[in-house]
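Descriptive analysis of the structure
Below are the chains, spelled out letter by letter.
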Amino acid sequence: MLTPEDSLPFLLGLAVLLPLVSFFVIFLFGKWLEQLGAHIATGAIAAAAMCSLTAAAIWMAQHAPPATHHAHPAESHAVISQSSVHLTALHDGEHDHDHADGLVHGEHDEHADDAHFVPPVYTGHWYSLGRFYGSEVAINYYIDALTIVMFCVVTFIATCIHFYAGGYMHEELHEVTDHEVTLADGTHLKRPGRYHRFFQYLSLFCFSMLGLVIAGNIAMTFVFWELVGACSYFLIGFYVERQSASTAANKAFIVNRVGDFGMLIGLMAIWASLATFNFGDVDRNGDGKLDPHEHGLFSLLRPAGENGLHELRVPDGMVLQGAKERVEEMIVAAQPGTTTADLESQILAQVSLWRDGKAKGDATHYGYWLLVIAGVGIFCGCVGKSAQFPLHVWLPDAMEGPTPVSALVHSATMVAAGVFLVARFYPVFAPEVLLVIACAGCITLLIGGSIAIVATDIKRVLAYSTVSQLGYMMLALGVGGWAAGVMHLVTHAFFKSLLFMCSGSVIHAVHTNEMTEMGGLRKKMPYTAYTMLVGCLAIAGVGVPSALGIPFGFSGYYSKDLMLEQAYLFRSANPLWGSIFFYAATGGAAVTAFYMFRMWYLTFAGEPRDEHRYKHAHESPRVMYVPLVVLAVMAVAIAWPIFGNYGLTNVIEQGRPIGLWSDMASLDGGYVWLHESKSHADEIRTPVGLMAFGAAMTGIFLASAMYLWRVLDPTDARRTFAPVYKFLVHKWWFDEAYDVLFVRPAKVIAACCVWIDKQCIDRLLHGLAWSVRQIARCGEAWVDQGAIDGAINWFAAKTYSTGAALRGMQTGSLRQYVMFIVVGALAMFVLMSFWSYGFAR
Amino acid sequence: MFYQLIEQLRIDTLQQSLPLFGAELTLVVAIVLILLCRMLPVLEKVDSVWLGIVGVIAALIALRPFQPWSIGADGPVAIAMGQLQPTETFTGMLTHDGFAIAIKAILLFFLLLFFLLTKITKLSSRFDSADFVVLALGSILGMFVMSSANHMLMIFMGVEMASVPSYALVALQRRNKKGSEGALKYAVFGAGAAGVMLYGVSLLCGVLNSAHLPTMATRLSELFASEPSGSEVLVLALGGLMLGVGLSFKLSAFPFHFWCPDVFEGASAEVDAFLSIASKTAALALLVRVAVGFTTLPAEPAQVARATPPTIEQVAFVDAEAAPEKALQSSDPLAPARKFVVLLIGVVAVVTCTFGNLAAYAQTNVKRLLAYSTIAHAGYMMMAVPAAIAVAEVDKNSARQAIAYLALYAVIYLFMNLGAFAAIAFVREAVGSEEIKDYAGMLKRGPTLAICLTLILVSLIGLPPLAGFIGKFAIFAAIAQAWNLTSSPFLMFLLIAGGLNTAISLFYYLRIAKVMTIDSESDDTAPMQRPIGIIQNGYLVLVTAPLVLLLFNWDFLNAWLLEAVSHIIT
C-alpha cells in the first residue's frame, strides 16, 4: 500500500468503482431512496475526487514535475531519469547507459527536458478477458501524469455538477408537469419525477469516463467509450417525452456510431498487425524482463532507437502486414530445400529495408499507410465523440438534456474523451494523421465560432462555443502542441462547466432559453452574473501579454497563448498550412471574445426586455451558486504558474509521451512538426501574445460597442450581411445537407427495402406458410389423428389391459406362489438349456 | 500341528479380521445393550430408537467410510478409500474392500434416516420399540454379511440373517390381519427360495469342490479349459440358476416377486421403505459379488498381510499363477460363465422391469403401486450388472464405472423411496388411508407434502431436473458404454428395453401426482383427521432436497464410489 505502484492503481481504481457502486445502489433501490439517491451519488463522486486528489499528491511526492522548459537543443545528453516504475526499468535494459543501478524511486527528474526523458508510467494488469493465440485482451491500467490530471479534473467538476444538480433537479422529486409536451387532448404531460434516475445515469456516466481515462488498452478504452456514449444517450434523452429531446439523443448516438465505425477499423488494423491493444508494456509473467508479447503499442511504435529519441518507427508487424505480397513472392521464389527457419530469417532481414523503402527497385514504405489508417481510424472515433467537423452536428442538439448534463457533457466527460484519446494515442499518430487532425480542428473552430455569433438561445451559444473550443484543442494537438492541447482541455473544462451552470442558473430563474427575453438580470442574480463574467473573461483568454512584462491572466489566457504559439511555430516551418491555421486560430480568438460578451451583455446588461420574466427572476439557491463560485475561482486560477514546479503546465509536461521530444517530418519531408519547447522562445511569444491580446480585445470591444453602448446597431449589421446571416442562422446548412445527402437516401433505400419485404418476401412467406398449413391440416387428419394418435391410444389401451391382466396373476394364494418358485426355476432352466447347448459345443 | 492351526486361527481372527469388523461388532454391541436395557428398570424408560440411532452413528464412525481401516505391517491403519486392497477376513469367509464399505455406509445412513422416520411417525412406540430396533439392526447386520460375502456359506447366512428379522418386521403390527398374512407369505416364500438356493449352492460346491468364491472361479476356469462334459455343464447351469432364485427372491425379481405386493400392502409404510431400500441395496451388492466372483479370476493372492496363508489360500495362489499360462491357450476360460451370467441377469432384469411397470398400472393402493415400482427399479438397477460383466473383459475401468453407477443409483434411490414411503406414512397419519383416490386435493390440504411427493415421483420416473435422472442416465450410460466397447446386440436390447420402460412408467407415477395436484376433494375422499405437522414436512423437505440439489454436484458422490470400486474387478 505504501509504494505508489500499489497505492495509485488502488486509489484510482477505487475512484472508478465508487460511482459504479452508487449506480447499482440507486438502480436497485432508487425508488425508495428519493433524495437520498442524490446524496449517495454526490458522496460517491466526492469520495472519488478525494481519491483522485490523494493520488495526485502521491504522484507529485514521487515524481516532482520538471522545471518550466525553454528551447533546449535536443543534442544535450544528460543522465536519463530513473524514477518511473515499469517503463523506465524496462527501457534501461534496452539501451545501455552508464547509470545502471543505485537509483531509487522518488528521485527527482532533474533533467526532464532532455530528449531522452522517459515519462513516469505505471502499468499493470487487473483481469484477463481472454487470450487469442498468445495475445491477450485484458482489463489493465496505464497511469501517467495525464491520467492523474484527467482524474482530478473529471472528479472535481463532476462533484460540483452533482451538488448543483441536487438543486437544479429538485422539481423531479415530485410529479412533474412537462409544459413542453402537449398531449392529444391539449393538456400537458404529467409524469412521476425521475430524480433518482437522473443521478443513477450521472453516476454511470462518471464511472464510464473515469474507466476510459484509466484504461490501459485501446479495447478497454473502446468499451468505456461506448458506455460514455450510451450514458450520454440516456441523459440527453432524459426528457424522453419531448420530441426534441428524444431526437437529439438519437442523433447524438447515431452520429457517434459513425465515428466509432472508423475507430473499429483502426482497432482492427492495430490488432491484426500488432496483436496487442495495450498502451504500455505490461510485465505479465512478473519476471522483470519484457518478452516480445508483453510490449505495448507505444514501445512497439517508438522503440528507443540508436539515438534514444524514441522516433516513430513502423513496427515489424505492420511492415509484414503491408508487405504481404512481397513475403508471398519470397516464399514462392524460395530455393527448394530452404528450411522454414532460414526463410523466416531471410524475410526478417528484409523487414527494415521494406520499412525504409530501400528494398531493391521498390521504394514503397511498407506498413506506413497501415499506420496512417490506424491513426485516422482512431481519430474518427474522436471526431464523433469530440464533435469535430463533419460530425459536430450532434453537440448543439445535445443541450436538450438537463443543464447539469450539458455542463458535464460539454466540459469534463463526453467531448473531453475525444481530445483525451488523441492525447493518449499521440505516440501512434503519424505526421500525416496529425495534419488531418489539425485540418479537422481548424474547420471545426471556424464553424463553431461563426454560428455562435448569431445564436440567440443561451445554451446554443455555449454549445457552439464548445464546438469551436474543441476545434482549438484538436488544432493545437494537430500542429504538435501536445501540452497546449491538453492544457486547453483542462482549463476549458473548468470555465465551460462554469458557463453552462451559470446559464442553467439563469434558465432556472427565468424559465426560458431565449436571450431576447432576458436582459438586466445582473441586479437580480449577482452571483450568477459575475461568476459568468469570470467565465467569459477566461474563455476569451484575457490577460497581460508577455510583451508588457509579467504575463498574467485568466486560465484561458495561458492555454490559448500556448496553442497560438505552437500554431505560429508550425507556420515557421510550413508557411502555407501554418498560415491558415494560425490566422484561423487568431481570428477565432476574436470571434470567441465577441460572442461570449454578446451573450453576457444580452443576458445581464442593459434593460430587461421581458418585464414579466424579469419580475419573477431570482438568484438560485445556495446549493447551486456555491459550486459556481468554486468553479469561478478555479477558472481564474487553475493555470496560474504560482506553485513553482507543481503548476498545471509542469504536471502536464510530465505526461508528455515518449518520442515527442524531437522534431518530426512527414514521409515525403514536405511538412515538419517542430518540437513544442521551441514555441516558448521569446521571438515567438512576444508577437503571438500581442496578437492574441489584440484579438480578444477586438472581440470584446466590438461586442461592447454593439450590445452595451449601442454605438453600432446589430440589426443593421444583420441587414447588411443578410445572406451571411442566413447562412449562419441555418448553421451552415449542415443539418439540411446531411438530411439530403444521408438521411433521405437512407430513407428511400429503407422504403425500397420495406416494399421488397412486404411485396416479395412476405408474400412468398405467406404463400409458403399457407401451403404448409394445408399440408399440416391434411397431415393432422390422416397421420396424426389416424396413425400416431391411433397407435398411441392402441398402445396405451394394450398396456393398460396387459397391466390389468398381469394383476390377475397376483391371486393372493400362498400355495400358488410357492408353486411359482418351482415353475419359475424350471421355466428358466428350460430357457437357458436351449442356449446352454450352444456354449457346450 | 493342531496347535499350529489354532495359533494361525487366533492370529487370523484377532489380528487380521476383528479390527476390520468394527462396524459389525458395534451393531452387535448395540443390539446386546438394547436388550440389556430392557432388563434394568432404570433404563427401561429410555427409548430404544435413540439407542439404535447412537449405535448406528457409532457404527458409521467405526466404519470410516472415507478412510477405512486396513491391516498394515503393524496393526490396523486408516488409509484412503482408493488405496484399500481387498482383504479376506475370517479365513476367507468375508472380504473387506471398498465396495463393501460403500454399501455398508449407504445402509447405515439409510438406517439413521429410517429410525428418525419411525420416531416421527411413532411407529416404534406403538409396538415394542426395543423389538423393532433390534430386528432392524439384526437385519442390517445380515445385509452387512451379504455385502461382504466371499464364501457360499456366508452368502446363504447373510440372506437368511437379513430375511428372518424382516419377516418379523412385516408382522410387527399385530392387530393388522393383512400384516400377519403378508408376513406369513413372506416367510413361506422365503423358506422356499432359501431351499432352492441351498440346493443350488450344494450343486455348485459339489462340482467345483470348494465354497470359497475365488477358488470356485479358479476351478471353474480350469473346468472350462479342460473340455467339460455335458452333464457337468448342466449341473453347473442348474446350480447357478438355483442360486439365482435365492437372489431373485431378495431382489423381488420376476418370477420370484409374488411376495412383494402382498407384503408391501400388509406391512407399514416405514417397513416398506426398509424392505425396498436396505434389503434391495444389500441384495444388489450380493448380486454384484456373486456375478463378479464367478466371472473374474483372482489375479493375485487376495491377502496382503497374512503370515502363513491357510491351505485353501495356497490352492488359490497356485492356480492363479497357472491361470495366465492357460489364458494363452484359450483366450479366456471364463468366457462361457460370463455369457451365462450376462444373459441370465439381463433377461431377468428386462422382464422384471417390464413386468413391474406394467403391473403397476392398474393399482389403486399406493403401497401396492410402489411395490411394483420397487420391482421395476430393481430391474433397472440389475441392468448395470450384465453391462459391467460384459465389458469387464475389454475395459476394466468401464466395468468398475458401471458398478459405481449402480451404487450411485442405490444412493439416489434411497432418497426417492424413503421420501415416497415417508409421505405415505404421513398421509396415513393424517388421512388414515393408503388409497390413491384419497390423495385428491392434497395440494390444498398439505401443500408441502404434495409438492415434495410430486418431486419424488417425477424423480422416480427419471426426468431431467431431478436426481432420479442422474441415476437412470448413469445406468444407461454404463450400458451404452459397454455396448460401445463390446458391440454386443444384447446390450443394445437392454438399453432399448430400459428406455421403453422409462416411458411406460411415466403414466402411473404421474397419476398420483395428478390426483394430488389437479383433482379436487370429493365426497368420497377420506377427510383430513389432523393436519400434517411441521416436523413431518421438514423431514420430507430434508429427504427431497438432495433430489433437487444433487443435480448441481453429484460428482463428489461418483468420485467416492469410483474410489470404492477401484479394486473390485482385477
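Source: prediction; values computed, not measured. (Residues numbered from 1 in each chain as written. Chains lettered and ligands numbered in written order. Predicted model: local features only at pLDDT ≥ 70, side-chain atom pairs only at ≥ 80, totals over all residues. Heavy atoms only, no water.)

**Topic: the overall build of chain A**
- Helix and strand content of chain A: 29 helices and 8 strands.
- Among the 841 residues that make up chain A, the fraction classed as buried is 55%.
- Restricting to contacts in chain A with at least 6 residues of sequence separation, those with at least 24 account for 76%.
- Put simply, chain A shows about 35,700 Å² of open surface, and 66% of that area lies on carbon and sulfur atoms. (Helix = DSSP H or I, 4+ residues; strand = E, 2+ residues; numbered from the N terminus. Buried < 20%, exposed > 50% of the residue type's maximum accessible area, 1.4 Å probe, protein only. Contact = heavy atoms within 4.5 Å. Areas by Shrake-Rupley, 256 points an atom, 1.4 Å probe, with all protein chains shown as cover.)

**Section: the packing of aromatic side chains**
- In total, this model carries 66 aromatic pairs over all chains according to the counting rule given.
- Ring centres of F389 of chain A and F734 of chain A lie 5.8 Å apart, and the angle between their planes is 65°; on these two criteria the pair is classed as edge-to-face. In this pair, F389 of chain A sits in the loop between helix 12 (368–385) and helix 13 (394–397) while F734 of chain A sits in helix 28 (residues 734–809), placing the two residues 345 residues apart along the sequence.
- The structure contains a cluster of three or more aromatic residues connected by ring pairs, namely F389, F727, W732, F734, Y738 and F742 of chain A.
- Over the ring of Y239 of chain A we find R242 of chain A; its NZ or CZ atom is 4.0 Å from the centre of that ring.
- The side chain of R64 of chain B reaches across the aromatic face of W69 of chain B, ending 5.0 Å from its centre. (Phe/Tyr/Trp six-rings, centres within 6.5 Å; stacked < 30°, edge-to-face > 60°. Lys NZ or Arg CZ within 6 Å of the ring centre and 35° of its normal.)

**Observations regarding empty space enclosed by the protein**
- Applying the stated rule across the entire model yields 13 cavities of 30 Å³ or more.
- Taken as a whole, the largest cavity spans an internal volume of roughly 430 Å³.
- Taken together, 27 residues line the largest cavity, and the ones lying closest to its centre are G240, F294, F340, V341 and L344 of chain B.
- Going through the elements one at a time, helix 29 (814–840) of chain A together with helix 8 (177–208), helix 9 (213–225), helix 10 (230–251), helix 12 (269–295) and helix 14 (335–360) of chain B are the ones with two or more residues in the lining of the largest cavity.
- Residue contributions to the lining of the largest cavity peak at 9 residues, all from helix 10 of chain B. (1 Å grid on protein atoms, 1.4 Å probe; cavity = no way out; pocket = protein on both sides within 12 Å on 5 of 7 lines; lining within 4 Å. Points joined across faces, edges and corners; volume = space filled by probe spheres on them.)

**Quick word on the environment of I638 of chain A**
All names here are of chain A.
- Within the secondary structure layout, I638 lies in the loop between helix 23 (622–637) and helix 24 (648–654).
- Using a relative accessible area of 17% as the deciding quantity, one classes I638 as buried.
- For the pair I638 and G556, spaced 82 residues apart in the sequence, the C-alpha separation amounts to 9.4 Å.
- Each residue touching I638, except ones within four places of it in the same chain, is listed here: T491, F494, S555 and L648.

**Quick word on unusual backbone geometry**
- In this structure, P390 of chain A follows F389 of chain A across a cis peptide bond, with omega equal to 5°.
- Mapped onto the elements of the fold, P390 of chain A is located in the loop between helix 12 and helix 13.
- Although it is not a glycine, A387 of chain A sits at a positive phi angle of roughly 55°.
- With respect to the secondary-structure elements, A387 of chain A resides in the loop between helix 12 and helix 13.
- Here A387 of chain A falls in the buried class, since its relative accessible area comes to 0%.
- Of note in the backbone geometry, S252 of chain B takes a positive phi value of approximately 50° without being a glycine.
- One can find S252 of chain B in the loop between helix 10 and helix 11 (259–266).
- Given the relative accessible area of 0%, S252 of chain B is considered buried.

**Some details on the UniProt feature "domain: NADH-Ubiquinone oxidoreductase (complex I) chain 5 N-terminal" (unreviewed entry) in chain A**
- In the numbering used here, UniProt assigns the feature "domain: NADH-Ubiquinone oxidoreductase (complex I) chain 5 N-terminal" (unreviewed entry) to residues 136–172 of chain A.
- As annotated, residues 136–172 of chain A comprises 65% helix and 22% strand, and the C-alpha atoms at either end are separated by 46 Å. (UniProt positions renumbered as here; feature names shortened; annotations may be inferred.)

**Topic: the packing of helix 4 (residues 145–168) of chain A against helix 5 (residues 195–214) of chain A**
All names here are of chain A.
- Helix 5 packs onto helix 4 with a crossing angle of 175° between their chain directions and a minimal axis gap of 10 Å. Between helix 4 and helix 5, the crossing angle belongs to the class labelled roughly antiparallel. Judged by residue contacts, T147, M150, F151, V154, T155, A158, H162, A165 and G166 of helix 4 engage Y195, F198, F199, L202, S203, C206, M209, L210, V213 and I214 from helix 5.
- Considering only residue class, the contact of helix 4 with helix 5 consists of 14 nonpolar, 5 polar and no charged. (Axes fitted to C-alpha atoms, helices over the stretch in contact; angles between N-to-C directions. Parallel < 35°, antiparallel > 145°, perpendicular 65-115°, else oblique. Nonpolar A, V, L, I, M, F, W, Y, C, P; charged D, E, K, R; others polar.)

**Things to note about the confidence of the model for chain B**
All names here are of chain B.
- With 94% of its residues at a pLDDT of 70 or more, chain B has an overall mean of 86.
- Counted against residues more than four places away or in other chains, residues 301–330, with its pLDDT under 50, gives 31 contacts.
- The ipTM value of the predicted complex is 0.74, and its pTM value is 0.60. (pLDDT = per-residue confidence, 0-100.)

**Examining the pattern of salt bridges**
- Counted under the stated rule, the structure contains 35 salt bridges over all chains.
- For K251 of chain A, the salt bridge goes to D735 of chain A, with nearest N and O atoms at 3.1 Å. With K251 of chain A in helix 7 (residues 243–274) and D735 of chain A in helix 28, the pair connects residues that are 484 residues apart, well separated along the chain.
- In this structure, R719 of chain A and D716 of chain A form a salt bridge, with 3.4 Å as the shortest nitrogen-oxygen distance. On the criterion of helical spacing, the pair formed by R719 of chain A and D716 of chain A is a turn pair, its members being 3 residues apart in helix 26 (residues 714–720).
- Taking the relative accessible area as the measure of exposure, R719 of chain A reaches 60% and is therefore exposed.
- On the basis of relative accessible area, D716 of chain A is assigned to the partly exposed category, the value being 40%.
- One connected set of salt bridges, linked through shared partners, spans K178, E181, K185, D262, E265 and R368 of chain B. (Salt bridge = Lys/Arg side-chain N within 4 Å of Asp/Glu carboxyl O.)

**Focus: the pairing of strand 4 (residues 188–191) of chain A**
- In terms of strand pairing, strand 3 (residues 176–182) of chain A meets strand 4 of chain A through 4 bridges, oriented antiparallel. The residue bridging T177 of chain A from the neighbouring strand is K190 of chain A, located in strand 4 of chain A. (Pairing = 2+ DSSP bridges.)

**Remarks on helix 22 (residues 555–564) of chain B**
Residue and element names in this part refer to chain B.
- For helix 22, the set of buried residues is L557, N558, W560, L561 and A564. Angular distribution of buried residues about the axis of helix 22 spans 160°; they occupy a single face of the element.
- Turning to helix 22, the residues buried within the fold contact helix 4 (98–121) and helix 16 (396–431). (Arc of directions from axis to C-beta.)

**Looking at the side chain of D397 of chain A**
Residues and elements named next belong to chain A.
- Checked against the element boundaries, D397 lands in helix 13.
- Given a relative accessible area of 15%, D397 falls into the buried group.
- Within polar-contact distance, the side chain of D397 engages the side chain of K251 at 2.8 Å.
- When residues no more than four places from it in sequence are discounted, the contact partners of D397 are A248, K251 and R460. (Polar contact = N/O pair within 3.5 Å; in protein donor to acceptor, adjacent residues only side chain to side chain.)

**Regarding the nonpolar core**
- Ranked by internal contacts, the top residues of the largest apolar core, which has 240 residues, are W394 and W482 of chain A.
- Considering every element that reaches this core, the biggest residue donor is helix 18 (residues 482–510) of chain A, with 19 residues.
- Ranked by size, the runner-up nonpolar core spans 221 residues in total, among them L123, A349, L408 and L449 of chain B. (Core = buried A, V, L, I, M, F, W, Y, C linked by side-chain atoms within 4.5 Å.)

**What about the interface of chain A and chain B?**
- Taken residue by residue, the interface counts 23 residues in chain A and 37 residues in chain B.
- Buried surface at the junction of chain A and chain B, both sides included, amounts to about 2,900 Å², of which 85% is carbon and sulfur.
- When the buried area of chain A at its contact with chain B is split by residue, Q810, I821 and M828 of chain A rank highest and sum to 21% of it.
- Between chain A and chain B we count 0 salt bridges in total.
- Scanning the region where chain A abuts chain B turns up 1 residue pair in polar contact (both at pLDDT 80 or more). (Buried area = accessible area lost by both parts, 1.4 Å probe.)

**Overview of helix 11 (residues 340–356) of chain A**
Residues and elements named next belong to chain A.
- Taking 1.5 Å of rise per residue, the 17 residues of helix 11 would be expected to cover 24 Å, and the 25 Å separating its terminal C-alpha atoms lies within 8% of that figure.
- If you look at helix 11, its biggest bend is around 30°, right at Q350.
- For helix 11, every residue scored as buried is listed here: L343, I347, V351, W354 and R355.
- Where helix 11 is buried, its residues meet helix 9 (316–322) and helix 10 (324–333). (Expected span 1.5 Å × (residues − 1). Bend = angle between axes of the 7 residues up to and from the residue.)

**A look at a nonpolar patch on the surface**
Residues and elements named next belong to chain B.
- On the surface, V28, V29, V32, L33, L36, M39, L40, V42, L43 and V46 cluster together into a nonpolar patch covering about 890 Å² of accessible area.
- In this structure, L33 sits in helix 2 (residues 22–39).
- Relative accessible area serves as the criterion here: at 46%, L33 is assigned to the partly exposed category. (Patch = residues over 30% accessible without salt bridge, like charges linked within 9 Å, V, L, I, M, F, W, Y side chains within 5 Å.)

**Here we look at the layout of surface pockets**
Residues and elements named next belong to chain A.
- Size it by volume and the largest pocket reaches roughly 760 Å³.
- Together, 27 residues line the largest pocket, and E171, E180, Y239, R242 and H511 are the ones closest to its centre.
- Sorting the residues of the lining of the largest pocket by element identifies strand 3 and helix 18 as the ones contributing at least two each.
- Taken together, the residues of the lining of the largest pocket break down into 7 nonpolar, 10 polar and 10 charged.
- Counting the residues that make up the lining of the largest pocket, at least three belong to each of domain 1 (1–65 + 118–183 + 190–264 + 276–285 + 293–314) and domain 3 (485–712). (Domains from an automatic or database assignment.)

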